[in-house]
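# Descriptive analysis of the structure
Take a look at the letters that make up each chain.
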Amino acid sequence: MKKIWSILFVLMIVLLAGCTNEEENQGETDQEEQEMEQTEEPEVDNTEEQEETNNDADDQTESEDSTDENKEATDEEQPEQEVVQEEETVEPQYELNTTNWSLEPIGDAPENVVLLTIDDVPDKYALEMAKTLESLDAPAIFFVNGHFLETDEQKEMLKEIHEMGFPIGNHTYTHQKLDDVSEDKQKEEILSLSEKIEEIIGEKPVFFRAPHGVNTDFARQLVQDEGMLLMNWTYGYDYFTPYMDAEKLTEAMVTGEGPEVDVPYSLLKPGANLLMHDREWTNEALEDIVKGLRENGYEMLDPALIKTTK
Ligand SMILES: [Zn+2]
């Protein structure tokens, strides 16, 4: 009998101990809840709680267990960082002079810069040109046409150029000279290309350049309404027959002089807006053009620093 009583006694102790543990556990759960409600808990515990919360966020667990409090804790920390980052990247440092199409520094941004632009993209050489520029750490705007964006291969080229960090500009769908056509047609030329660009790279263009630099009042207003910055250029030589040659083109672009097309003086000035095209000789000359401009004291302007209407 004594044995039985002993066994019962031991069992009771075990049961009691179990109840106590449950109570303790219950107590801890209550404490955790209280901690989450940020009551009067020791700071050390809160820190641990926060660290866990952050780890959970880092692991990106989709567990339903993560409480609203956890989400609030992570949400509270993020907005401040985002705001700071946005301010850093969006701040414009150059403004387009809409009379002569050069880029002027805002405040104390360096003056000796030139903007590189490549038009009629992506025909045959644009991707190679983008790779050359990327290897030289030289930014540029690529102005594209819709008729070069029909096949999957062409669309893929545009994506690649964009993913290398080059802004994509609107140069009309079919390279239409705008003053030759109706307002409806001008609208179609501009809007259908912006839509196509967005379909391919996920964002609308913020720069516009009219074919042959010919703008109409209607197109100007439309481009502005669409949130794009319209620009022509200050100089370019690769579309003149005497400069359809890599060596001659390099000389003309680097000095700014085109004596064979009645430009015996230099157009290379601070903020110059340089026009080039997706052409064989320009592709061949591109590296030397960038290096030559640098030797002459000019750095390539990052288009992301240009003040746009957006
Ligand atoms: Zn063009």
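Keep in mind that what you see is a predicted model, and the values were worked out from it rather than measured.

### Remarks on the overall build of the protein
Within the protein, the secondary structure is distributed over 9 helices and 9 strands. Relative to its full complement of 310 residues, the protein shows a buried share of 32%.

### Overview of unusual backbone geometry
Omega for the bond connecting valine 121 with proline 122 falls within 30 degrees of zero, at -5 degrees, which places this linkage in the cis form. Examined against the element boundaries, proline 122 turns out to sit in the loop between β3 (113-121) and α4 (126-135). Phi at aspartate 120 is positive, roughly 60 degrees, even though this residue is not glycine. Within the secondary structure layout, aspartate 120 lies in strand β3.

### Some words on α4
Helical geometry note: an α-helix holds 3.6 residues per turn, so side chains three or four residues apart project in the same direction. Considered for burial, the residues of α4 that qualify are Ala126, Leu127, Met129, Ala130 and Leu133. Along α4, the residues classed as buried sweep out an arc of 160 degrees about the axis, all on the same side. The elements touched by buried residues of α4 are β3, β4 (141-144), α5 (152-163) and α9 (280-295).

### With respect to the pairing of β3
With 9 of 9 residues buried, β3 is to be regarded as a mostly interior element. Pairing of β3 with strand β9 (residues 299-300) involves 2 bridges; the strand directions are parallel. Bridge assignment links valine 113 to a residue of β9, and that residue is glutamate 299. Where β3 and β4 come together, 3 bridges link them in parallel fashion. Looking at β4, one finds that isoleucine 118 is bridged to phenylalanine 142. You can see the chain leave β3, run along α4 and come back into β4, and the turn it takes is right-handed.

### Overview of helix α7 (residues 217-225)
For α7, the full list of buried residues reads Ala219, Leu222 and Val223. End-on view of α7: buried residues confined to an arc of 100 degrees, all on one side of the axis. Exposed and oriented more than 90 degrees from the buried face of α7 are Asp217, Gln221 and Asp225. Positioned one or two residues after α7, glycine 227 has a phi angle of 75 degrees, which is positive.

### Description of the confidence of the model for the protein
Detailed reading of predicted coordinates is not advised where the pLDDT is low. For the protein, per-residue confidence averages 82 on the pLDDT scale, and 71% of positions sit at 70 or higher. Note on residues 13-77: pLDDT under 50 across the span, and 20 contacts to partners over four residues away in sequence or across chains.

### Notes on the pairing of strand β8 (residues 273-277)
With 5 of 5 residues buried, β8 lies mostly within the body of the structure. Looking at chain direction, β3 and β8 are connected through 5 bridges and run parallel. Residue pairing across strands places leucine 115 opposite asparagine 273, the latter belonging to β8.

How each quantity is defined
- Residues numbered from 1 in each chain as written.
- Predicted model: local features only at pLDDT ≥ 70, side-chain atom pairs only at ≥ 80, totals over all residues.
- Helix = DSSP H or I, 4+ residues; strand = E, 2+ residues; numbered from the N terminus.
- Buried ≥ 20, exposed ≤ 12 C-beta atoms within 10 Å, placed from the backbone.
- Arc of directions from axis to C-beta.
- Contact = placed C-beta atoms within 7 Å.
- Pairing = 2+ DSSP bridges.
- Right-handed = clockwise from strand over helix to strand, strands pointing away.
- pLDDT = per-residue confidence, 0-100.

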